[in-house]
Amino acid sequence: RLVRPRGLAETLRRRLGGAVDEFLRKHGLVRQDIGFWVVHPRNPELLDAAATSLQLPPAMVSTSHTVWRRSGNLISAAVFHVLLSLIHIS
């Protein structure tokens, strides 16, 4: 059984944006260079926390929300379902 650590959503809101910015900076990029985002759809609360921290408009995480509504949390495989959905949209 998977158990979400307490405070994970708040940690995402506070730290994810900075961590992503640091990663991108090391590769000579900024968030605006990213054409699309694949956010793991663990649950709506964490999706929203990630979107808030990354300052993403709802449309940028709508595919992740759709996958979550359709299938729930598929553990690691969920990311592949989001990618598959994005491929079918393009």
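Below, the structure is looked at part by part. (Residues numbered from 1 in each chain as written. Predicted model: local features only at pLDDT ≥ 70, side-chain atom pairs only at ≥ 80, totals over all residues. Heavy atoms only, no water.)

## Brief notes about the overall build of the protein
Quick reminder of the rule: Each helix corresponds to a stretch of at least 4 residues labelled H or I by DSSP, and each strand to a stretch of at least 2 residues labelled E; elements are numbered beginning at the N terminus. With the radius of gyration taken over C-alpha atoms, the globule rule is written as 2.2 Å times the number of residues to the power 0.38. Note on exposure labels: buried denotes an accessible area under 20% of the residue type's maximum, exposed denotes more than 50%, and partly exposed covers the range between, all computed with a 1.4 Å probe on protein chains only. Contact between two residues is taken to exist if any of their heavy atoms lie within 4.5 Å; hydrogens are not considered. Surface exposure here means Shrake-Rupley accessible area, sampled with a 1.4 Å probe, where a residue is shielded only by the protein chains that are shown. Positive charges come from Lys and Arg, negative ones from Asp and Glu, while His and the chain ends are left out of the count. Where a charge sits is defined by one atom per residue type, namely NZ (Lys), CZ (Arg), CG (Asp) or CD (Glu).
Broken down by element type, the protein carries 4 helices and 0 strands. When the elements of the protein are put in sequence order from the N terminus, they spell out α-α-α-α. Computed over the C-alpha atoms, the radius of gyration of the protein is 13 Å, within 12% of the 12 Å expected from 2.2 N^0.38 for a compact globule of 90 residues. Projected onto the principal axes, the alpha-carbon positions of the protein cover approximately 35 × 35 × 20 Å. Classification of the 90 residues of the protein by burial places 31% in the buried group. Considering only contacts within the protein whose residues lie at least 6 apart along the sequence, 61% involve residues at least 24 apart. For the protein, the computed accessible surface area is about 6200 Å², with 59% contributed by carbon and sulfur atoms. Side chains of the protein give 12 positive and 6 negative charges; the mean places of these two sets differ by 8 Å.

## Let's talk about the packing of helix H1 (residues 8-26) against helix H2 (residues 44-54)
The description of two helices packed together rests on the angle between their axes and the distance between the axes. Quick note on the threshold: Fitting a line to C-alpha atoms yields each axis, with helices limited to the stretch in contact; the angle taken between N-to-C directions then spans 0 to 180 degrees. By convention the crossing between two helices is left-handed if the near helix lies anticlockwise of the far one by an angle smaller than a right angle, and right-handed if it lies clockwise.
Packing of H1 against H2 leaves a shortest axis separation of 8 Å and a crossing angle of 35°. Like other packed secondary-structure pairs, H1 and H2 cross with a definite hand, here right-handed. On the side of H1, the interface is formed by Leu8, Ala9, Leu12, Arg13, Arg15, Leu16, Gly17 and Val20, while H2 contributes Glu45, Leu46, Ala49, Ala50, Thr52, Ser53 and Leu54.

## Focus on the nonpolar core
Among soluble globular proteins, nonpolar side chains are generally buried collectively. As a reminder of what qualifies: What we call a nonpolar core is a set of buried Ala, Val, Leu, Ile, Met, Phe, Trp, Tyr and Cys residues that are connected through their side-chain atoms within 4.5 Å.
If you look at the biggest cluster of nonpolar residues, it comprises 10 residues: Val20, Leu24, Trp37, Val39, Leu47, Ala50, Ala51, Leu54, Leu56 and Val61. Listed by contribution, the elements that provide at least two residues to this core are H1 and H2. For Leu47, the contacting residues outside a window of four places in its chain are Val39, His40, Pro41, Ser64 and His65.

## Comments concerning helix H3 (residues 62-71)
Turning to H3, its buried residues are Thr63, Ser64, His65 and Val67. Of the residues flanking the end of H3, it is Gly72, one or two places downstream, whose phi is positive at about 75°.

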